[in-house]
Amino acid sequence: MAAGELQTADVLWDLSDLASGDDQARGDWPLLVERANEFAARYRGRIDELDAAAMRLLLDEADEVGQELSRLQVYTHLRLSMDAADPDANDLATVSRDRGADVENALLFLGLEWIALDDDRAEALLASPEIEPFAHKLRVEREEKPYVLGEAEEQALNARRPAVSAWGALHDRQVATLEIPFDAGEGEQAHTISSLLSYLYRPERSLRLSAQSALLEGLQPRADVLAACYDALVGDRLGIDRLRGFTDPMQPTNMANELDGEAVEAMMSATEESYEIARRWFRAKAGLLDLDTLALADQYAPLGEARAFSWPEAVEIVDTSFDRFSPRLGEIFRACLAAGHVDAPPRAGKATGAYCTPVTKTILPYVLLNYTERLRDVTTLAHEFGHATHNVLALERQAWHSHRTGIPVAEVPSTFAQSLSDDYLLEAETDPQTRAALASDRLESAFAAIFRQTVLARFEQRSYALRMEGRALTAERLSEVWQEEQQRYYGDSLDLPDSYRVGWSYIPHFIHVRFYTYAYSFAQLVALLLYGSYRDDPEAFVPLYLEFLGRGGSASPADLLAPFGLDLRSTDTWRRAFAELDALRQNAEDLAAAAQG
Ligand SMILES: [Zn+2]
């Protein structure tokens, strides 16, 4: 691209598609609450009287209220993302939280009355053409029916929610307030967990090793309290599972993900069978770093030093790689940029990381970035626009209520989009250092998503099993299970320090959403499989893929992926994904060796 084009600093959000300003947003809230209350007054207590046509009118209206709620909530969320300390944004957030809860409470009857409907009546409605655009999500809602308790019991469970979430809050506070003294070369300073973890990506080995041991040592004094939080939550969850009639602690997560236990187990076993792929890489990486054996702290050591990527260059990479896959994807990317729906530069007070949020059927999604010209930022741009293109195509065809998928499917298009841009970049890039960095980053983030997340899910399974046997989850017991599962993964391919036993203690997913992590393994593996099909036969693949994006959340993951010939319960399906992963490993090894010349 020519010099003088748009720089990152100019790429800022324009929120006018959401609201003209805070005044309009404030003014719109009471109108929406009124509308939701009026809607509820018309329909509450009447769901069982409605025929298919009347039910469709109700669903369409609820869909409009849902989009209006989304528009106002996204506006507030984006205002806070731009500056978390802005007093006006915080005032607006208070209004948004309170009025948002009013709207949600007003609509609550809908789900309850729908679930309460008798099966014959519900089936007749679900089979009618009028309800078709909503049918899948409505069906999923009813699957909870056997596990819902009586009203008084549900109210009692709700009433104890603050006390239960206090364990999570205590865990978060213990982790967030931990300050570990560490000298990174500029004298000893207090470090947070995430700042210590960031040293693991640094080229200086002594820094990596000392940061890791400082972290593990620093966690030790809090291990007992962190274990007690986890023990209390696991015990509580198992107690409620018994009341509801769940027999497997993974079942609630699997239901939310719309995946059956058999498919999840087939995926996890195939993953464990393939640990050797990672071990081969760790052995090769030791050689590339001139070490006899890799230490755990060397796992993410950089191979190759990537050059910087200007904003116009990143835009060109994503634009071209999307466009040559399908012009429609490139078009959506450019439309979001042109509409001012991307905020790129980091600045004080702005939210960290990156995200993409859908808004409504008629407003394009918004994307937040913190673009700093690193190679990884280019990949992140592609990732977020994988989400954005999925949102736009799904919202074009589906009702608001039906567009969104669970995390396992939602992370497929984002991961697939990363592969599109990574491959384009590998083709176009001539700098051997950048090529090596790209291929090894890509491989190691796939390992982190696939292998590490599976190790974490196995740790959770074993912890729940211990608790079900009546054994308390003490720090010592958790450490034992943790280290055994880590050892099973790494084998003898790297040196696992004994101090790593406490590694379970700061991971938030265990505390907040049980078995959350396997969704990432699923998405990565499916994206690898889809990318393999694309490479083998692009002409047949592209229309199927666009159709998949357009179906949004209107079918289960198994049904969404069936047109690609993926049988999620078959171990063979998952083995094919590992053949793809192994090819990435080989490529990374070749490029890293070439960079060393
Ligand atoms: Zn994502």
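Here is what the cut-offs are and how they apply
- All residue numbers refer to positions counted from 1 along the written sequence of the respective chain.
- For this predicted model, a pLDDT threshold of at least 70 governs which residues receive local features, and a threshold of 80 or more governs which side-chain atom pairs are given and counted, while totals over whole chains, interfaces and linings are taken from all residues.
- Only hydrogens and water are set aside; all other atoms, that is, all heavy atoms of the structure, feed into the side-chain values.
- Secondary structure elements follow DSSP: runs of H or I no shorter than four residues count as helices, runs of E no shorter than two count as strands, and numbering proceeds from the N terminus.
- Relative accessibility under 20% of the residue-type maximum defines a buried residue, over 50% an exposed one, and the middle range a partly exposed one, all with a 1.4 Å probe and only protein chains included.
- Here a residue-residue contact requires only that any non-hydrogen atoms of the pair lie within 4.5 Å.
- Listed donors are limited to N, O and S atoms within 2.8 Å of the metal, widened to 3.2 Å for Na, K and Ca; water is not among them, so incomplete-looking sites are possible.
- Any coordination sphere not matching a tetrahedral pattern (four donors, all angles between 85 and 135 degrees) or a square planar or octahedral pattern (four or six donors, opposite donors over 155 degrees apart, other angles between 65 and 115) is reported as irregular.
- Paired rings are identified among Phe, Tyr and Trp, the last through its six-membered ring, by centres lying within 6.5 Å, and are further divided according to the angle between planes into stacked (under 30 degrees), edge-to-face (over 60) and tilted (the rest).
- Criterion for a charge above a ring: Arg CZ or Lys NZ at most 6 Å from the ring centre, at most 35 degrees from the ring normal.
- Paired strands, as defined in this entry, are two strands with at least two bridges between them according to DSSP.
- Orientation is described by axes fitted as lines to C-alpha atoms, over the contacting stretch for helices, and by angles from 0 to 180 degrees between their N-to-C directions.
- Orientation categories follow fixed angle ranges, with anything under 35 degrees roughly parallel, anything over 145 roughly antiparallel, 65 to 115 roughly perpendicular, and all other angles oblique.
- Each crossing gets its hand from how the near helix is turned against the far one by less than a right angle, where anticlockwise is left-handed and clockwise is right-handed.
- Note on residue categories: nonpolar means Ala, Val, Leu, Ile, Met, Phe, Trp, Tyr, Cys or Pro, charged means Asp, Glu, Lys or Arg, and polar means any other residue, Gly included.

### A short note on the environment of Leu-566
Inference 1: Residue position: Leu-566 is located in the loop between helix H24 (557-561) and helix H25 (571-596).
Inference 2: Owing to a relative accessible area of 7%, Leu-566 belongs among the buried residues under this scheme.
Inference 3: With 40 residues separating them in the primary sequence, Leu-566 and Val-526 have C-alpha atoms 8.7 Å apart.
Inference 4: Among all residues touching Leu-566, those that are not within four sequence positions of it are Val-526, Leu-529, Leu-530, Leu-561, Thr-573 and Arg-576.

### Side note on the coordination of the zinc ion
Inference 1: Every protein donor of the zinc ion is accounted for by His-383 (NE2), His-387 (NE2), Glu-411 (OE) and Glu-411 (OE), and the metal-donor separations fall at 2.1 to 2.5 Å.
Inference 2: One can describe the donor arrangement at the zinc ion as irregular, given that its four donor atoms subtend angles of 54 to 144 degrees at the metal.
Inference 3: In the primary sequence, the donor residues of the zinc ion line up as H-x3-H-x23-E. Of this pair, His-383 and His-387 both sit in helix H16 (residues 375-397), separated by four residues, roughly a single helical turn.
Inference 4: For His-383, a relative accessible area of 15% puts it in the buried group.
Inference 5: Judged by relative accessible area, which is 12%, His-387 ranks as buried.

### Some remarks on the packing of aromatic side chains
Inference 1: Using the criterion set out here, one finds 40 aromatic pairs in the structure.
Inference 2: Relative to Phe-416, the ring of Phe-325 has its centre 5.5 Å away and its plane inclined at 70 degrees; by these criteria the two rings are edge-to-face. Placement of Phe-325 in helix H14 (residues 311-325) and of Phe-416 in helix H18 (residues 407-428) is noted, with a sequence separation of 91 residues between them. In this structure, Phe-325 and Phe-416 share a single accessibility class: buried.
Inference 3: Looking at Phe-416, the relative accessible area reads 1%, which means it is buried.
Inference 4: Members of the aromatic cluster, each reached through a chain of ring pairs, are Phe-325, Phe-416, Tyr-531, Tyr-534, Phe-541, Tyr-545, Phe-548 and Phe-564.
Inference 5: The ring of Trp-114 has Arg-142 lying over it, and the distance from NZ or CZ to the ring centre is 5.4 Å.
Inference 6: Just above the ring of Phe-309 sits the side chain of Arg-307; from NZ or CZ to the centre is 4.1 Å.

### Considering the side chain of Asp-422
Inference 1: By the secondary structure assignment, Asp-422 is in helix H18.
Inference 2: Once residues within four sequence positions are removed from consideration, Asp-422 is found in contact with Thr-379, Leu-438 and Arg-442.

### Brief notes about the pairing of strand S1 (residues 180-183)
Inference 1: Side chains Ile-180 and Phe-182 project from S1 onto a buried face, and the interleaved Pro-181 and Asp-183 project onto a face without burial.
Inference 2: Pairing between S1 and strand S2 (residues 188-191): four bridges, direction antiparallel. Counted as the bridge partner of Pro-181 is Ala-190 from S2.
Inference 3: Once S1 ends, the chain turns through four residues before running back antiparallel as S2, passing Gly-185 with a positive phi of about 110 degrees.

### Observations concerning the packing of helix H4 (residues 119-127) against helix H5 (residues 132-143)
Inference 1: Contact pair H4 / H5: the axes reach a minimum separation of 10 Å and the direction vectors enclose 160 degrees. Between H4 and H5, the interaxial angle falls into the category roughly antiparallel. Crossing angle aside, the handedness with which H4 passes H5 is left-handed. Residue-level contacts link Asp-119, Ala-122, Glu-123 and Leu-126 of H4 to Ala-135, Leu-138, Arg-139 and Arg-142 of H5.
Inference 2: Split by residue class, the contact of H4 with H5 holds four nonpolar, no polar and four charged.

Any link to function would need more than the numbers given here.
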